[in-house]
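Chains, contacts and geometry: an overview
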Amino acid sequence: MKLEQMYQEIILDHYRSPHGAGLREPFDAETHHINPTCGDEVTLRVKLDDSGEKVEGVSHETLGCSISQASASVLTDLVVGQTVEEAFRIMASFQEMAQGRGKVVPDEDVLGDGVAFAGVAKYPARVKCALLGWMAFKDAVARVHDAAAQDEATSKGAQA
Amino acid sequence: MKLEQMYQEIILDHYRSPHGAGLREPFDAETHHINPTCGDEVTLRVKLDDSGEKVEGVSHETLGCSISQASASVLTDLVVGQTVEEAFRIMASFQEMAQGRGKVVPDEDVLGDGVAFAGVAKYPARVKCALLGWMAFKDAVARVHDAAAQDEATSKGAQA
Amino acid sequence: MTTIQTLPTGLDVAAIRDDFPILTRTVREGRPLVYLDSGATSQRPRQVLDAERAFLEQHNAAVHRGAHQLAEEATDDYESARARIATFVGADPAELVFVKNATEGINLVAYAMSNSSIRTGLGPESERFALGPGDEIVVTELEHHANLVPWQELCRRTGATLRWYSVTEDGRIDLDSLELSERTKVVAFAHQSNVLGSIAPVEELVRRAKAVGALTVLDACQSVPHMPVNLTALDVDFAAFSGHKMLGPSGVGVLYGRTELLEAMPPFLTGGSMIELVRMEGSSYAPPPQRFEAGVPMTSQAVGLGAAVDYLSAIGMERVQAHELELVKVALDTLREVPGVRIIGPDSLEDRGGAVSFVVDGVHAHDVGQVLDDRGLAVRVGHHCAWPLHRRFGIAATVRASFHVYTTPAEVAQLADGVRAARDFFGVS
Amino acid sequence: MTTIQTLPTGLDVAAIRDDFPILTRTVREGRPLVYLDSGATSQRPRQVLDAERAFLEQHNAAVHRGAHQLAEEATDDYESARARIATFVGADPAELVFVKNATEGINLVAYAMSNSSIRTGLGPESERFALGPGDEIVVTELEHHANLVPWQELCRRTGATLRWYSVTEDGRIDLDSLELSERTKVVAFAHQSNVLGSIAPVEELVRRAKAVGALTVLDACQSVPHMPVNLTALDVDFAAFSGHKMLGPSGVGVLYGRTELLEAMPPFLTGGSMIELVRMEGSSYAPPPQRFEAGVPMTSQAVGLGAAVDYLSAIGMERVQAHELELVKVALDTLREVPGVRIIGPDSLEDRGGAVSFVVDGVHAHDVGQVLDDRGLAVRVGHHCAWPLHRRFGIAATVRASFHVYTTPAEVAQLADGVRAARDFFGVS
Ligand SMILES: Cc1ncc(COP(=O)(O)O)c(C=O)c1O
Ligand SMILES: Cc1ncc(COP(=O)(O)O)c(C=O)c1O
């Protein structure tokens, strides 16, 4: 039966007890993303280290289906503790798999529990659910970096 | 051959030497009508008697196909010398035939040479050509009447 | 099986289904397709497909433009479709403008109004469509985005203010929630909600609008395909509906406007076929409906919609409506039995048509939909382009089942089983 | 007969004709149909009809909205069509917006510009599309009404001024007739004239527009169906074309816009599917191309247009163009022999495509057309939606013959015979 292909046990586990759920302090940036087709929403917070190069924490509130909730949970596991560069590499890999129509063989070394979403990739309408949290994460990191860049510009301006 | 059904000899005769062609003085109203699909144009002048109840003269300049020219010519023959009421009755009859898809049997007593246009009625795209002059005529008479009504209102206003 | 398909309403659904080739297909792992998404788009009977194909294989040409025989025939077919569709909705052919979908139809009215609001170059007849700051446009909280966003945008363009009737807990327009005023210029509302299935009190809404001199715009997308509708009798000023929801082709819809209004209204889309006279310095426009049909139109699609209307008329719209109510009854009766199911919309058959939306406690609509899909049941999940309505009910997404003439009670009854399976699958009980 | 149909260009016209069911029919008193009106609308090959029907019998559903299998398949088919059409015109799929016809496409740009000109509620990115008094929009005197009237109306709405390049005696855009200025915001022109057949000097027009920072809008209605066109290489900002002129369905067309521009442009039609977030208080919009595709789109028609593009690609657009030039040559060579015939447009094959328009001294175009129709030849007579151009040449109406892949030289040669017959019939000599 195909249903179990999409809703693998790992996904259902993450859905039932999602990691990173519940918005936490402290954080550097918060983003709010919406899936316009179904109205699902995620609010996601990210905390980087002082250098802005490492992900120290992710927390989220996801109002959505099992796939979007499980995906945000897996995201938390995969990126916390990684460098931003590494986290983006994992994201690229997750995205490639999710948009791969079930034709991309995922690398378990990179994606860990994320490989369970390979089945979702066969249902194009659900791909956005699987990516919702990731897009919010990407955006949040960009905001932290933007803010940092602006701070620097301001402080340079102050120096001048 | 169908072509001769549309272009009956009477139509071709009127086309070659159209009656009422060339704009003439005196006139009570002039109208300019256009067929938006093909760009054909008719300028038509009408002269009524003093009571406004009889058509004394029609003249026109028709830039158009054989059908529109012949129709303006036949119009001149049919309405000049008639009461306005009678002319409008003839027009209604002509219009009914022209829009009748070839299913309306025209009355030669009313339409005279106009019956030759029965064949045109089978070609919906040419019906507008056959009616171009008539619509200009109708409009011109309406203008004379409107102007008369306005004059009357003004003179009444002056009296009051 | 045959007995359950032949309803008391007298619809021979088995025979009807034979007309719809797509209904014989299977989905997923060989499951028979159970199409419960007709509210989004309906399927087409052979008769519609054949009419369009016959037109294209025999009469296709640009309409209203050519003097050759094909052009004559194509024009006749196109205008004959308009006339039959007009009869179907109780209107005059000249009151029907072909558009690509209802969305375009509503936008047409909204843009004609903002075009009127820029008075340069217009006559006094368009003044009644002009808007400005202080003027109000009224909609309802249950509108499809197609009957909401164009009015928001019209307000942005003209400075007018958008106001709305709110929706009651049982999914009705709350007539007490708003007073119209002399500044109300438009009242736009859905005849039947595409989410709740509830039918609007058209007569009362029109009465109130008329009392303040406002124009009424009826979103008839979910009524014309499913029940007898006489637009003249409803006395609305404008109405819009789409071909694809009424067994007809996609890419064609209708805007209805009362003759007097269409005659006074400035154009929206401009170009070929809608003009009277064109000079580089400026142009004048043809009478309606041509004034509103710029460019080569959706010719074969209009012909197809004409065939759809013939098909529906042959069945009879009263019977279509009765059939759908029967289906709603089955849906409500069976879903009510499933624990954790909450119907969003009237839980009765009164003033109601065939869209049944619900949520399932503990299982997200998307997940319910996936389980149903796995069983061959095609429903729609999400906000169904009525996001504010969902927000009103405090939910992001519902599951919606919707029907047409080819839907059987047995199909509808599968819904509840599917929802039970979804609850099991996600361990909710 | 077979030899004359197999051209040096290598097009197997006899085989191609077998794909077009309508070409076997007769008109009037049993005359074989000679369809020389492809410039108005082309005929559809079986492959296009079959593709649309297969879609409707197997995959039809509302696209981008459903989570069930049919909706997935329909969305895939729709987006696959977009991708193939994009390849066909050298563009990126995200740069293609499906519209109902080219007329809507051009109106979309014009309305997006007037929407931008009302700055309330818009971000700075739309400022580049805003217009006001003093700004200029430039067109040419040979434009189809579809690429003229929308700009006249845009000027009316914004207070901008319309200016135009005039046309030379031999039917070319007179580049010396106008200087652009810093106030020129848009330069809109036809790639190929639908009356004259002349091809515009796109490169030079684009160069001049860019030099003053104006946006370019290419009316590609008569180029994309008839010759290889790479919109990216042409470097225009926007382009529009219609499906029905390129062997595809009516009711579908394409607006091309450079990604960067579509991303910055506010929406035109609003409603379902084009939104990001909707609240009663206001809405935000999806990225392009969805932002410009409000409502349920012309789904099966997009699929049909995809099939048309496949059909044309299989033939090869270079060969289509060569074939049409061969036909133009036959038309010009044979018509030139008929006394009293005057070609309106270039009397050579240079920078020219397949529309041949002419007048006959002493016989009105409508009457010529009628005689041709009587012989089975379907041509178009009138101003062909290019009234100012006809006025430029001091004529009200021309006869136009236009072609496509299924047209044979033998058919074209019948034109001159028909014109001779018309002259005889009306006693001109
Ligand atoms: C050059 C040109 N532009 C625009 C159009 C308008 O195309 P449509 O009527 O399909 O929108 C046409 C055809 O009618 C055309 O030939
Ligand atoms: C109530 C209602 N209004 C408007 C629409 C929009 O129709 P379309 O997308 O065909 O323009 C729909 C369907 O999507 C609808 O259900």
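What comes next is a walk through the structure. Numbering of residues starts from 1 in each chain and follows the order in which that chain's sequence is written. Key to labels: chains lettered from A, ligands numbered from 1, both in the order written. The predicted origin of the model limits local features to residues at a pLDDT of at least 70 and limits the giving and counting of side-chain atom pairs to 80 or more, whereas totals for whole chains, interfaces and linings rest on all residues. Side-chain measures here rest on the full set of heavy atoms in the structure, leaving out hydrogens and waters.

So, on to the site of ligand 1. Distances are taken per atom, and a residue is near a molecule or strand as soon as one of its heavy atoms is within 4 Å of it. The full set close to ligand 1 counts 15 residues, and Thr103(D), Asp219(D), Ser242(D), His244(D) and Lys245(D) are the nearest of them. Looking at what sits near ligand 1, you find residues from chains C and D. Identification of polar contacts relies on pairs of N or O atoms within 3.5 Å, with a donor-acceptor requirement for protein atoms, meaning one able to donate a hydrogen and the other able to accept it, and with residues adjacent in sequence counted only if both atoms are side-chain atoms. The separation between an oxygen atom of ligand 1 and a polar side-chain atom of Thr103(D) is 2.5 Å. Note that a nitrogen atom of ligand 1 is positioned 2.5 Å from one of the side-chain N or O atoms of Asp219(D). Each accessible area is a Shrake-Rupley estimate made with a 1.4 Å probe; only the visible protein chains count as cover when residues are assessed. In the complex, the protein chains occlude 99% of the 390 Å² of accessible area that ligand 1 would expose alone. Classes in brief: Ala, Val, Leu, Ile, Met, Phe, Trp, Tyr, Cys and Pro nonpolar; Asp, Glu, Lys and Arg charged; the others, Gly included, polar. Partitioned by chemical class, the residues of the shell around ligand 1 number 4 nonpolar, 8 polar and 3 charged.

Relating the two copies of this chain is a rotation about some axis coupled with a shift parallel to it. Alignment of the copies relies on least squares applied to C-alpha atoms, considering only residues that score at least 70 for pLDDT in both. With an axial shift of 0.0 Å and an RMSD of 0.0 Å, the rotation relating chain C to chain D amounts to 180 degrees. These values place the two chain copies in the arrangement generated by a two-fold rotation axis. Among all residues of chain C, the one whose C-alpha sits closest to the rotation axis is Gly251(C), at a distance of 2.9 Å. Between two residues, a contact is recorded if the distance between any of their heavy atoms is within 4.5 Å. The fraction of interface residues of chain C whose copies in chain D are also interface residues reaches 100%, indicating that both copies meet through the same surface.

For an interface, size is often stated in terms of accessible area lost upon the parts coming together. Contacts between the two partners involve 99 residues from chain C, matched on the other side by 99 residues from chain D. What counts as buried area is the accessible surface, traced by a 1.4 Å probe, that two parts surrender upon association, with contributions from both included. Summed over both partners, the interface of chain C with chain D buries about 8,100 Å², with 54% contributed by carbon and sulfur atoms. Salt bridges are defined by distance alone: a side-chain nitrogen of Lys or Arg within 4 Å of a carboxyl oxygen of Asp or Glu. At the boundary of chain C and chain D, one finds 8 salt bridges. Across the pair Glu73(D) and Arg25(C) runs a salt bridge whose closest N-O atoms are separated by 2.6 Å. At the boundary of chain C and chain D, one finds 52 residue pairs in polar contact (both at pLDDT 80 or more).

Buried Ala, Val, Leu, Ile, Met, Phe, Trp, Tyr and Cys residues form a nonpolar core when they are joined through side-chain atoms within 4.5 Å. Only protein chains enter the calculation, and the probe is 1.4 Å; a residue is then buried if its accessible area is under 20% of its type maximum, exposed if over 50%, and partly exposed in between. Of all hydrophobic cores here, the largest spans 165 residues; its most connected members are Leu231(C), Phe241(C), Val405(C), Ile85(D), Leu231(D), Phe241(D) and Val405(D). Apart from residues no more than four positions distant in its own chain, Val405(D) is found in contact with Leu11(D), Val13(D), Ile16(D), Phe20(D), Leu247(D), Ile315(D), Val320(D) and His323(D). Ranked by size, the runner-up nonpolar core spans 87 residues in total, among them Leu131(C), Cys221(C), Val99(D) and Leu255(D).

Attention now moves to the side chain of Arg380(D). Each helix is a run of DSSP H or I of at least 4 residues and each strand a run of E of at least 2, with the numbering of both proceeding from the N terminus. Along the chain, Arg380(D) turns up in strand β16 (residues 380-382). There is no salt bridge for the buried Arg380(D), and the closest opposite charge comes from Asp37(D), which lies 5.4 Å off by N-O distance. A residue counts as positive if it is Lys or Arg and as negative if it is Asp or Glu; His and the chain ends are not included.

A word on the packing of aromatic side chains. Residue and element names in this part refer to chain A. Two aromatic rings from Phe, Tyr or Trp, using only the six-membered ring of Trp, form a pair when their centres are within 6.5 Å; if the ring planes differ by under 30 degrees the pair is stacked, by over 60 it is edge-to-face, and anything between is tilted. Under the criterion given, the structure shown has 26 aromatic pairs over all chains. For the ring pair Phe 88 and Phe 137, a centre distance of 6.2 Å and an interplane angle of 75 degrees mean the geometry is edge-to-face. Taken as a pair, Phe 88 in helix α4 (residues 84-98) and Phe 137 in helix α6 (residues 124-159) lie far apart in primary sequence, 49 residues in all. The class of Phe 88 is partly exposed, set by a relative accessible area of 29%.

Attention now goes to the arrangement of the chains. Taking contact number as the criterion, the leading pair out of 5 pairs of chains in contact is chains C and D. Nowhere do chain A and chain B come into contact; their C-alpha atoms are at least 45 Å apart.

Attention now goes to the side chain of Gln192(C). All names here are of chain C. Structurally, the position occupied by Gln 192 is in the loop between β7 (184-190) and α7 (202-211). Taking relative accessible area as the criterion, Gln 192 reaches 4% and is therefore assigned buried. When near neighbours in sequence (up to four residues on either side) are disregarded, Gln 192 contacts Gly 197, Ser 198, Ile 199, Asp 219, Gln 222, Met 227, Gly 353, Gly 354 and Ala 355.

Listed as interface residues are 24 residues of chain B and, on the opposing side, 17 residues of chain D. Taken together, the two surfaces of chain B and chain D that pack against each other cover about 1,700 Å², and 57% of this comes from carbon and sulfur. Looking at the side of chain B facing chain D, the largest losses of area belong to Lys2(B), Leu3(B) and Cys38(B), adding up to 27% of the total buried there. Linking chain B with chain D are 1 salt bridge, by the criterion used here. Residue Asp367(D) pairs with Arg126(B) through a salt bridge whose shortest N-O separation is 3.0 Å. At the boundary of chain B with chain D, the tally comes to 9 residue pairs in polar contact (both at pLDDT 80 or more). Taken together, the elements giving at least two residues each to the side of chain B that touches chain D come down to α1 (2-6), α2 (9-16), α3 (66-79) and α6 (124-159) of chain B. Looking at the side of chain B that touches chain D element by element, the count peaks at 4 residues for α1(B). Of the residues belonging to the side of chain B that touches chain D, the class tally is 14 nonpolar, 5 polar and 5 charged.

A separate point is the pairing of strand β17 (residues 398-402) of chain C. Residue and element names in this part refer to chain C. In terms of residue burial, β17 counts as a mostly covered element, since 5 of its 5 residues are buried. Residues of β17 alternate between two faces, with Thr 398, Arg 400 and Ser 402 on one and Val 399 and Ala 401 on the opposite face, all of them buried. One bridge is not enough; two strands pair if DSSP finds at least two bridges between them. As defined by bridge partners, strand β14 (residues 355-360) adjoins β17 across 4 bridges and the pair is classed as antiparallel. Bridge pairing in β17 links Ser 357 to Arg 400. Bridge count for strand β16 (residues 380-382) against β17 is 3 bridges, and the pairing is antiparallel. Residue pairing in the sheet places Gly 382 in a bridge with Thr 398 of β17.

Backbone hydrogen bonds hold the strands of a sheet together, and the pairing may be parallel or antiparallel. All names here are of chain D. With antiparallel pairing, 4 strands are arranged side by side in an open sheet as β13-β14-β17-β16. The strands lining the two open edges of the sheet, one partner per strand, are β13 (341-344) and β16. Each strand axis lies, on average, 30 degrees off the axis of its neighbour in the sheet, ignoring direction. Convention adopted: a line fitted to C-alpha atoms gives each axis, helices being fitted over their contacting stretch, and angles between N-to-C directions are expressed from 0 to 180 degrees. On top of the sheet, helix α11 (residues 317-336) reaches β13 and β14 (355-360); it is set at about 15 degrees to β14, its chief contact. Strands in contact with helix α14 (residues 409-425) are β13, β14 and β17 (398-402); relative to β14, the strand with the most contacts, it is inclined by about 15 degrees.

No statement about biological role is implied by the geometric values presented.
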